[in-house]
There are 2 protein chains.
Amino acid sequence: MSFADRLAAAVQTSGSVTCVGLDPRKAQLPAPIRDQVVGDTPDAWAAAYTQFCTEIIDVVAGRVACVKPQAAFFEQLGPAGMVSLGHVIAHARKAGLLVITDGKRNDIGSTATAYADAYLGDASPWGSDSLTVSPYLGRDSLEPFVEVCDARQAGIFVLVKTSNPGGGLLQDRVTDGKSVYAAVADLVTELNAARIGKSGYGPVGAVVGATYPEQLAEMRAAMPGAWILIPGFGAQGGAADDVKAGFDASGLGAVVNSSRHIIFAHARPEYKDKFGDAKWLDAVSAATDEMNGQLRF
Amino acid sequence: MSFADRLAAAVQTSGSVTCVGLDPRKAQLPAPIRDQVVGDTPDAWAAAYTQFCTEIIDVVAGRVACVKPQAAFFEQLGPAGMVSLGHVIAHARKAGLLVITDGKRNDIGSTATAYADAYLGDASPWGSDSLTVSPYLGRDSLEPFVEVCDARQAGIFVLVKTSNPGGGLLQDRVTDGKSVYAAVADLVTELNAARIGKSGYGPVGAVVGATYPEQLAEMRAAMPGAWILIPGFGAQGGAADDVKAGFDASGLGAVVNSSRHIIFAHARPEYKDKFGDAKWLDAVSAATDEMNGQLRF
């Protein structure tokens, strides 16, 4: 089944549009995980990251649509971290969760193919269902990814409109009435054109931040065949009303990511006393329920 | 010494502005390297990549300014490839060559810091002198890299104007008389402003393709404090006349990358009969001399 159709099935089966961002950071790991790190070595921290992420996966499996490991935090540990990333992706897929590897990779021609080959599909070293990619290099940098998606029933999410304050510097520049991000949206739509599956969606998704609700509505209309990955929910300030416009009439077409608010929920003021470090997985579970509840429209 | 000043010293000491792109690809490895790969495993290929790249490094050390390993090809092998990337970077630095890791990474805020932490400086797992980064996410995605550059005397090269045919789709869009790539150039200049070293250059470099000579001149003028990494020479069609405009009056300010034309020189029609696979390192040496000669203005 195509990635887009699998994502639709995942949303329907789980009854959730939540994507759990797996962003392990040394300083924020709950005590029961951190305390097991003996010796400040990359291998020791990598083992902790694997344990942290796989325990979260076991709690959220069946209850959310997908997970999004952030490659940067694994890379920060060096090669040992990249081994951990592979374990985390494999564990999530075995648990029935779709995986969006957040790597924001890209390059030109055969180099782009190498990245696609590295991250997409069962035959790849990291075996992810999908990958986030950057569009700055243009159409011929995205096409190699799309070809690999076709061959391996995988997906990509192209950065369109990001949730950070500085994202507008380039993305909002308007030429002949069209912004850069709208031009990227057109490209996403073109690349999906001959690839729309049963769910109504194609392999080329888009990243559109939750911090810009008006633009989310504009982007939903501009990319009717694209799954939208909406970051910026929760810790970054986006709320349920802000993400509504990302969905189609059937409640499909978007997944909403939260990282810190779920994975480090034990440290949130409202959960700290109730759960704390000791019951950090209960805090993850409660935060998942809470987010799922907020996103039932 | 700052990265920019070290790069100036490297150009002056070697008398060369050549950057050798280390792009290992299974199918194009010379027979003496390929034949040693026993079993089609990532570890076996990674060992071959390490041997291939380190032997090239030993040939070009002292004769070129820097090397640029392409992360994508190492990542294609999975974690074993990332171990190889570390070996290659370390070997190049031990041989006295500056290293530009071509990863085109980026993300926002603390995630960008994680990438910078992964790749830049002696204390990082991959220990590179510099890293290529993508600007699509805007100023606040570049600042964390610059902070790490300050702390570790490292550098970055921001994608400004790329050498691929499709690069113009976003990069050439003009708003109020200014293209996207010119806006990125302004950002590079701003970030360098308080950071110019003895050489006249700062830690924030720029990638400007050799396939657009007019734009290279425009970009040299727009970013007087930025080292320019010029890809697209040789196999991608750029010639010596096309890159001249990248240099300042002292012959500093730019390095010119060639990958395939040097590392796979044994397969070039004009070298094939003379060297072939058996003498592939002699072909690397001859191609290096040839490129150095072409770039003496």
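Residues numbered from 1 in each chain as written. Chains lettered and ligands numbered in written order. Predicted model: local features only at pLDDT ≥ 70, side-chain atom pairs only at ≥ 80, totals over all residues. Heavy atoms only, no water.

Peer 1: Which parts of the structure should I look at to understand the overall build of chain A?
Peer 2: Each helix and strand in chain A was counted, giving 14 helices and 10 strands. The C-alpha atoms of chain A give a radius of gyration of 18 Å, which matches the 19 Å a tight globule of 297 residues would have. Counting only C-alpha atoms, chain A reaches 55 × 40 × 35 Å along its principal axes. The buried share among the 297 residues of chain A stands at 63%. A fraction of 72% describes how many contacts in chain A between residues 6 or more apart in sequence connect residues 24 or more apart. (Helix = DSSP H or I, 4+ residues; strand = E, 2+ residues; numbered from the N terminus. Rg over C-alpha atoms; globule rule 2.2 N^0.38 Å. Buried < 20%, exposed > 50% of the residue type's maximum accessible area, 1.4 Å probe, protein only. Contact = heavy atoms within 4.5 Å.)

Peer 1: Any chance you could explain the sheet that holds strand β10 (residues 254–258) of chain A here in plain terms?
Peer 2: To summarise the sheet geometry, strands pair through backbone hydrogen bonds and adopt either a parallel or an antiparallel arrangement. All names here are of chain A. One closed barrel accounts for 8 strands, arranged β1-β2-β3-β4-β5-β8-β9-β10; its pairing is parallel. For this sheet the average axis-to-axis angle between neighbouring strands, irrespective of direction, equals 30 degrees. Docked against the sheet, helix α5 (residues 79–94) engages β1 (18–22), β2 (66–69) and β3 (98–105), running at close to 150 degrees with respect to β3. (Pairing = 2+ DSSP bridges. Axes fitted to C-alpha atoms, helices over the stretch in contact; angles between N-to-C directions.)

Peer 1: How do you make sense of the interface of chain A and chain B when you look at a structure like this?
Peer 2: Accessible area lost on assembly of the parts is the figure often given for the size of an interface. With 57 residues of chain A at the contact, the number on the chain B side is 57 residues. Carbon and sulfur atoms supply 59% of the area that chain A and chain B bury against each other, a total of about 4,400 Å² over both sides. Broken down residue by residue, the surface that chain A buries against chain B is led by A:Y136, A:L170 and A:R173, which jointly contribute 18%. Where chain A touches chain B, the interface holds 4 salt bridges. Put simply, B:R105 and A:E75 hold a salt bridge, and the shortest N to O gap is 2.8 Å. Linking chain A with chain B are 32 residue pairs in polar contact (both at pLDDT 80 or more), by the criterion used here. Considering each element in turn, the side of chain A that touches chain B owes the most residues, 7 residues, to helix α6 (residues 109–119) of chain A. When grouped by side-chain class, the residues that make up the side of chain A that touches chain B number 28 nonpolar, 18 polar and 11 charged. (Buried area = accessible area lost by both parts, 1.4 Å probe. Salt bridge = Lys/Arg side-chain N within 4 Å of Asp/Glu carboxyl O. Polar contact = N/O pair within 3.5 Å; in protein donor to acceptor, adjacent residues only side chain to side chain. Nonpolar A, V, L, I, M, F, W, Y, C, P; charged D, E, K, R; others polar.)

Peer 1: I'm lost on the packing of aromatic side chains in this one. Help?
Peer 2: Ring pairs (aromatic) are described by centroid distance and by the angle formed between their planes. All names here are of chain A. Scanning all chains against the criterion turns up 14 aromatic pairs over all chains. Centre to centre, the rings of F3 and F157 are 5.9 Å apart; their planes meet at 85 degrees, and the pair counts as edge-to-face. Here F3 is found in helix α1 (residues 3–14), whereas its partner F157 is found in strand β5 (residues 155–161), with 154 residues between them in sequence. A residue is classified by how much of its surface remains accessible, and F3, at 3% relative accessible area, is buried. For F157, a relative accessible area of 0% puts it in the buried group. Here the aromatic cluster, defined as three or more aromatic residues joined through ring pairs, consists of F52, F264 and W280. (Phe/Tyr/Trp six-rings, centres within 6.5 Å; stacked < 30°, edge-to-face > 60°.)

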